[in-house]
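Residues per chain, in single letters:
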Amino acid sequence: MKVATISLDDYANYGNNLQKYALQKTIKKFADFTELLWDSGTDFFPETTEWLYTSNPFPVNCDPINRQKYIYREVVHLNKMKEFENRYIKVRFDLPYLEEIADDYDFFIVGSDQVWGPKFIKPKLFLNFAPRKKRIAYAASIATPKIPDQLKEFYKWGISGFDHIAVREENAVKIIKELTGQDALLVVDPIMLLTKAEWLEIAQKPSWVKEQYPRGYILTYYIRTTPPPIIKSIAQKLNLPVINLLDWNNYWHYAVGPEEFLYLFANASLIFTNSFHGVVFSILFRKPFVNIEVDLNMTMSMRIPGLLKMFNLEDRTLIQGKSYTAESFLDIDYRTRDKILPLERGKAFKFLSSALGVKPCQKLRGGGR
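Below is a summary of the structure that appears in this document. Numbering of residues starts from 1 in every chain and runs along the sequence as written. The predicted origin of the model limits local features to residues at a pLDDT of at least 70 and limits the giving and counting of side-chain atom pairs to 80 or more, whereas totals for whole chains, interfaces and linings rest on all residues. Based on all heavy atoms of the structure, the side-chain values leave hydrogens and waters out of the count.

**Details of the pairing of strand S4 (residues 107–110)**
Where we set the bar: Burial classification: accessible surface area is computed with a 1.4 Å probe over protein chains only, and a residue below 20% of its type maximum counts as buried, one above 50% as exposed, and the rest as partly exposed. Numbered from the N terminus, helices here are DSSP runs of H or I no shorter than four residues, and strands are runs of E no shorter than two. Strands were regarded as paired on the criterion that DSSP finds at least two bridges between them.
Burial along S4 is two-sided: Phe107 and Ile109 and Phe108 and Val110, pointing in opposite directions, are all buried. Here strand S1 (residues 2–6) pairs with S4 via four bridges, running parallel. In the strand pairing of S4, Thr5 is matched with Ile109. Sheet analysis places S4 next to strand S5 (residues 135–140), joined by three bridges and oriented parallel. Looking across to S5, one finds that Val110 is bridged to Ala137.

Below you can see the structure in the form of C-alpha cells.
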C-alpha cells in the first residue's frame, strides 16, 4: 500500500515539522510506503535570503547590524529544520499537477496542523485532485470559532468530499456537523501517537547544555511574542536558570534544531508556553508546564483549551490575578493523562485502520507512555 500525506509546506515551525514526522512514522506502521507531498513549487531554500529581507517582519526595529545578526540566526535555524526533514521525512518535491499523481497512491491523508484554517485553505487541502475513496483527513485543524460566511460554501463542498474525517478540536467537529451533517471524529495530534520512548530515540542534547544546569532549568517557548515578565520572578524564587527558545538575542537558544527541541522539552524542570505544540510535548513528556493566556483572537486560544480539557489540566492556564506560589507550578497531576492517552491512541489507530482498510497489528495498541 502506498500512502501520501499533505500538510502545510513549512520549515520554520517546530510543531509543523514534528507532526509531519509523527504522522509519517505512524502511517509506516500501516503501509508499505509513505511520503509527504511538498507542493509549494520550490524546496524553499533557494529563496531564503530574499524571503527574510522582504517578507519576514523583524522582531524589533533593529539597526542594520542587528538585522544582519537576526537574518544569520534565522538562516541557521531554518537550515536545521530542513536538515531534520532531510534525515527523517521522505518528501516528494517538484510535483506535476496533483491530478496527474492521483493514481500513484492508494490513499491521500491531509493533516495535521491548521490545514483547514481559513488563513491557509486551498482546494488541494481538501484533496480535490484525488478520488473520494482515497481521501482521508487526520487531525485536520480549523482553529477558528467559525467559518467566514464567504467561505462556507467552499468548506461545505470540500468537506463533503470525504468519507473519513478526523479533526483536532471539538469546535471543528461542531463546524463540520453544522456545514455538512457529517460526524467527524475528535482525535489527538499526530505527535501524541508516538510514545515518549519513540521521541527520545531521535532527541539530541545541545552541545551547549553541559554542567551549567545541575539543578535543572525553566524552558520557555513563545510564538509571535516574548515570554511574560512574570517568568523571571518565578525563576528567581525557584532558583532555576531560564532557556528562552526563539530568543533571537541568544544564538544558542534561537538556532535549536528539532532534535534539540525534543531534548530540551524532555529534560526541563518547568515549561512556560503559549504554543499548542508546546503544551502537547509538555503533556507527552509528563512535564510541569504553564500556559499563560493569550489574546482570545489568536488561534492558539481556540486549540489549547480543548487539549487541556481532554487531560483534565485546565488548571495549567495562568489567569491574570490568580494567586499562586512558585512551587505550585511544579506540582502537576497526570493521572488522567496516563489513563486517557492510551485510549486516544487506540481510537486514532482504529480510525486509520478503518480508513486505510487494514487490520491493526499488535504494535499499534494504544499502550506506552
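**Some remarks on the pattern of salt bridges**
Cut-off, in case you're wondering: Any Lys or Arg side-chain nitrogen located within 4 Å of an Asp or Glu carboxyl oxygen qualifies as a salt bridge.
By the definition in use, this model includes 16 salt bridges. Of the charged contacts, one joins Lys20 and Glu85 as a salt bridge, the two residues approaching to 2.9 Å between their closest N and O atoms. Within this pair, whereas Lys20 is found in helix H1 (residues 14–27), its partner Glu85 is found in helix H3 (residues 64–88), the two being separated by 65 residues in sequence. The buried category is assigned to Lys20, whose relative accessible area is 5%. The class of Glu85 is buried, set by a relative accessible area of 1%. For Glu260, the salt bridge identified is with Lys80, shortest N-O distance 3.4 Å. Note that Glu260 is positioned in helix H9 (residues 258–267) and Lys80 in helix H3, a separation of 180 residues in sequence. A single network of salt bridges, built from pairs that share partners, joins Arg168, Glu169 and Asp189.

**Side note on the packing of H9 against helix H10 (residues 276–284)**
Put simply, the rule is: Note on geometry: axes are C-alpha line fits, over the in-contact stretch for helices, and angles between N-to-C directions span 0 to 180 degrees. These descriptions rest on fixed angle ranges, namely under 35 degrees for roughly parallel, over 145 for roughly antiparallel, 65 to 115 for roughly perpendicular, and the rest for oblique. Put simply, a crossing is left-handed when the front helix is turned counterclockwise from the back one by less than a right angle, and right-handed when it is turned clockwise. Only heavy atoms matter for contacts: two residues are in contact if any of them lie within 4.5 Å across the pair. Residue classes follow a fixed rule: Ala, Val, Leu, Ile, Met, Phe, Trp, Tyr, Cys and Pro count as nonpolar, while Asp, Glu, Lys and Arg count as charged, and any other residue, Gly among them, counts as polar.
Running from amino to carboxyl end, H9 crosses H10 at an angle of 55°, the nearest separation of the two axes being 9 Å. What the angle tells us is that H9 and H10 run oblique. Where H9 crosses over H10, the two elements pack in a sense that is right-handed. Residue-level inspection shows Phe261, Leu262 and Phe265 of H9 in contact with H10, the latter providing Gly278, Phe281 and Ser282. Broken down by class, the residue content of the contact of H9 with H10 amounts to four nonpolar, two polar and no charged.

**Side note on the sheet that holds strand S11 (residues 289–292)**
Spatially, the five strands line up as an open sheet ordered S9-S8-S10-S11-S12, and their pairing is parallel. Edge positions in the sheet fall to strand S9 (242–245) and strand S12 (317–318), since each of these pairs with one other strand and no more.

**Some words on H1**
So the rule is basically this: Helices are assigned an expected span. That span is 1.5 Å times one less than the residue count. Polar contacts, as used here, are pairs of N or O atoms within 3.5 Å; protein pairs need one atom able to donate a hydrogen and one able to accept it. Residues neighboring in sequence count only if both atoms are side-chain atoms.
Over its 14 residues, H1 extends 20 Å from the first C-alpha to the last, a length consistent with the 20 Å expected when each residue adds 1.5 Å. The distance from a side-chain oxygen at the start of H1 to the backbone nitrogen of Gly15 is 2.9 Å, and the residue carrying that oxygen is Asn13.

**Some points on the sheet that holds S1**
One open sheet accounts for seven strands, arranged S3-S2-S1-S4-S5-S6-S7; its pairing is parallel. Strand pairing shows two members of the sheet lacking a second neighbour, strand S3 (91–92) and strand S7 (185–186), which therefore form its edges. Sheet topology note: the S1/strand S2 (residues 33–37) ladder contains five bridges and is parallel. Its bridge partner lying in S2, Ala4 is registered against Glu35. The sheet contacts of helix H12 (residues 335–356) involve S1, S4, S5, strand S6 (164–167) and S7, and relative to S5 the element is tilted by about 165°.

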